[in-house]
Amino acid sequence: MSTTVTERTWVGPSAPERLKILRDTKVIAIVGASDKPSRASYFVATYLLSSTKYRVYFVNPVVKSILGQPVYPSLADLPETPDLVEVFRKHDDLPGVLEEAKAVGAKTIWLQLGSWHEGVAADAEAAGMNVVMDRCVKIEHARFHGGLHLAGFNTGVISSKRQVLA
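Below, the structure is looked at part by part. Note that the structure is predicted; figures quoted are calculated from it, not measured.

### Some words on the overall build of the protein chain
Counting its regular elements, the protein chain contains 5 helices and 7 strands. Its helices and strands in sequence order give the protein chain the pattern α-β-α-β-β-β-β-α-β-α-β-α, from N to C terminus. Put simply, of all contacts in the protein chain between residues at least 6 apart along the chain, 57% involve residues at least 24 apart. Summed over all atoms, the accessible surface of the protein chain reaches about 9700 Å², with 53% contributed by carbon and sulfur.

And the structure:
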């Protein structure tokens with residue numbers, strides 16, 4: 001049985017361009033946020049709330065609260081317009097999330113690790129939005145701010161050498 005793999009032709013923003021996106025962002029909405037600690041969106045939410053200055057909102061129509069914060073059923077229900085919409089949804093849901101993001105005036109749609117949709121990228125760019133795909137906001141933020149460790153945690157040490165513990 002053979003599987004057809006769609007060729008990736010879209011080229012995303014460079015590292016300096018991703019850094020600019022993150023620096024220009026003040027408000028992040030996490031679409032598909034989960035209240036389950038084992039889910040990637042929960043881990044990212046924990047990092048964004050504890051280690052950044054972003055105002056973070058959660059969007060999920062079936063969850064009421066995450067990390068003590070309210071969860072909104074849609075982007076349109078948020079109390080302010082998100083600059084960046086980070087998406088933790090399945091592939092077939094991505095065009096709909098993009099339509100919501102465009103409708104509320106978001107500047108950036110950011111598809112999480114493993115998420116890639118050429119049509120969404122083309123439509124978002126045609127609407128004047130920034131697009132990042134198959135990358136993690138938490139990893140990118142930590143990389144640019146000196147907090148990325150092999151395990152994904154902030155060690156507080158910026159060094160090119162491995163620490164040797166006595």
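### Describing helix H4 (residues 118–126)
An α-helix turns once per 3.6 residues; consequently, residues spaced three or four apart project the same way. Residues Val120, Ala121 and Ala124 constitute the buried set of H4. Viewed end-on, H4 has its buried residues packed into an arc of 100°, placing them on one side of the element. Where the residues of H4 are buried, they touch helix H3 (94–104), strand E6 (108–111) and strand E7 (130–132). Directly beyond the C-terminal end of H4, a positive phi value near 85° is found at glycine 128.

### Quick notes on unusual backbone geometry
Even without being a glycine, leucine 67 presents a positive backbone phi close to 50°. Phi is positive for aspartate 134, close to 55°, though the residue is something other than glycine. The topology assignment puts aspartate 134 in the loop between E7 and helix H5 (137–144). With relative accessibility at 25%, the residue aspartate 134 sits in the partly exposed group.

### Some words on the sheet that holds E6
Spatially, the 7 strands line up as an open sheet ordered E3-E4-E2-E1-E5-E6-E7, and their pairing is mixed. The open sheet has two edge strands with one neighbour each: strand E3 (65–66) and E7. Judged from the 4 bridges that link them, strand E1 (residues 27–31) and strand E5 (residues 84–87) form a sheet pairing that is parallel. Bridge pairing in E5 places valine 31 opposite valine 87.

### Looking at the packing of aromatic side chains
As enumerated under the stated definition, the model contains 2 aromatic pairs in all. Relative to tryptophan 116, the ring of tryptophan 10 lies with its centre 5.5 Å away and its plane at 70°, an arrangement referred to as edge-to-face. Of this pair, tryptophan 10 sits in the segment before helix H1 (15–24) while tryptophan 116 sits in the loop between E6 and H4, and the two are 106 residues apart along the sequence. On the basis of relative accessible area, tryptophan 10 is assigned to the buried category, the value being 12%. Its end group placed over the ring of tyrosine 47, lysine 138 keeps NZ or CZ at 4.6 Å from the ring centre.

Procedures and definitions
- Residues numbered from 1 in each chain as written.
- Predicted model: local features only at pLDDT ≥ 70, side-chain atom pairs only at ≥ 80, totals over all residues.
- Heavy atoms only, no water.
- Helix = DSSP H or I, 4+ residues; strand = E, 2+ residues; numbered from the N terminus.
- Contact = heavy atoms within 4.5 Å.
- Areas by Shrake-Rupley, 256 points an atom, 1.4 Å probe, with all protein chains shown as cover.
- Buried < 20%, exposed > 50% of the residue type's maximum accessible area, 1.4 Å probe, protein only.
- Arc of directions from axis to C-beta.
- Pairing = 2+ DSSP bridges.
- Phe/Tyr/Trp six-rings, centres within 6.5 Å; stacked < 30°, edge-to-face > 60°.
- Lys NZ or Arg CZ within 6 Å of the ring centre and 35° of its normal.

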